[in-house]
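# Descriptive structure summary
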Amino acid sequence: MSAETIQTRREWLLSERPASRMQARLGRAYVAWRRFSANRLALVGLLIILALVAVAAFADVLAPYSPTVGDLKNARLLPPGAAHWFGTDDLGRDIYSRIVYGSRWTLYVVILVAIIAAPIGLLVGTVAGYAGGWTDAILMRITDIFLAFPKLVLALAFVAALGPGIENAVLAIAITSWPPYARIARAETLTVRNSDYIKAVQLMGASPFRIVLRHIMPLCISSLIIRVTLDMAGIILTAAGLGFLGLGAQPPLPEWGAMIASGRRFILDQWWVAAAPGAAILIVSLGFNLLGDGLRDALDPRSGDQ
């Protein structure tokens, strides 16, 4: 592709008077990508998350051993080496294989929590901000009740009531994760509900339901995406904490928090049993934080073009 063609396409994307909605959307996406790619740490975070997705997708190919079946007689608590890159645990299972398969459970948790918590927070926040009055007061007081408790403590209470298990842990984390999203959506709604744009839609006869669903919620999505991405690290740590306490994923599932819990007995002599899953949690959490910082810079409409 020639330099003139590239320049022509760039000018088309950056046109101040787009000829169609598609051109306007592509132009906004291009500007956001330029802002995002200018942040080197954000690109590092993106690469980490893409690597996590690739590892989870190809775990059957990348893992040389079974994540649940070990050689208790010949491979118990072996140090890292050529045969077992990250060593083995107290049941003779390959830790590298368990971490690779554990990436699937990590993605399972963060994706389900985001799918459950983000829409709930978006709905509660936009309805409260647009309706105002008693509706706003009741919904926000409920939100304040959830925010009054530390997330891990509240998640522990819900898991204790629901029972241990990865599905119940996901549900408990989702229940405790939606209030910040509701706060953000309400703040965004309050800034636009009296704008000329919304007034014009009201004069055209649109119902409150349609205004909230079609015109206010889309304006809140970018802020919500940023907050959800930044919260992924906290979600992973909360899930790992529940697994560490025995209330999350149950044996023999290769969940990273549960792996740390099983390895804490050997932390002094066989350090690799707990260190390897701990390093995996650290790297993935760092990747989500870096990605979230980059998305915040790229999607913030108040940021200047870089």
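First, a word on what this report is: a plain description of the structure on this page. Just so it is clear, the structure is predicted and the values come from calculations on it, not from any experiment.

Procedures and definitions
Residues numbered from 1 in each chain as written. Predicted model: local features only at pLDDT ≥ 70, side-chain atom pairs only at ≥ 80, totals over all residues. Heavy atoms only, no water. Helix = DSSP H or I, 4+ residues; strand = E, 2+ residues; numbered from the N terminus. Buried < 20%, exposed > 50% of the residue type's maximum accessible area, 1.4 Å probe, protein only. Patch = residues over 30% accessible without salt bridge, like charges linked within 9 Å, V, L, I, M, F, W, Y side chains within 5 Å. Areas by Shrake-Rupley, 256 points an atom, 1.4 Å probe, with all protein chains shown as cover. Salt bridge = Lys/Arg side-chain N within 4 Å of Asp/Glu carboxyl O. Expected span 1.5 Å × (residues − 1). Bend = angle between axes of the 7 residues up to and from the residue. Axes fitted to C-alpha atoms, helices over the stretch in contact; angles between N-to-C directions. Left-handed = near helix turned anticlockwise from the far one by under 90°. Contact = heavy atoms within 4.5 Å. Nonpolar A, V, L, I, M, F, W, Y, C, P; charged D, E, K, R; others polar.

On to unusual backbone geometry. A cis amide bond links Pro 251 with the next residue in sequence, Pro 252, at an omega value of 5°. Along the chain, Pro 252 falls in the loop between α10 (208–244) and α11 (256–263). Although it is not a glycine, Leu 77 adopts a positive phi angle of roughly 55°. Topologically, Leu 77 is positioned in the loop between α4 (59–62) and α5 (95–131). Leu 77 gets classed as buried once you look at its relative accessible area, which sits at 14%.

The grouping of Ile 111, Ile 115, Ile 116 and Ile 120 at the surface amounts to a nonpolar patch, some 330 Å² of accessible area in total. Mapping Ile 120 onto the fold places it in helix α5. Since its relative accessible area comes to 37%, Ile 120 is described here as partly exposed.

Moving on, we come to α10. Look at α10: only 46 Å from first C-alpha to last across 37 residues, short of the 54 Å you get at 1.5 Å a residue. At Met 217, α10 shows its maximal bend, which comes to roughly 45°, and the proline Pro 218 appears one to four places after that position. Just downstream of α10 lies Gly 246, where phi reads positive at about 85°.

Moving on, we come to the packing of α5 against helix α6 (residues 133–147). In the contact formed by α5 and α6, the axes pass within 7 Å of each other and the chain directions differ by 145°. Seen along the crossing, α5 lies across α6 with a hand that is left-handed. Together, Val 124, Val 127, Ala 128 and Ala 131 of α5 and Gly 133, Thr 135, Asp 136, Leu 139, Met 140 and Thr 143 of α6 make up the contact between the two elements. The residue inventory of the contact of α5 with α6, partitioned by class, reads 6 nonpolar, 3 polar and 1 charged.

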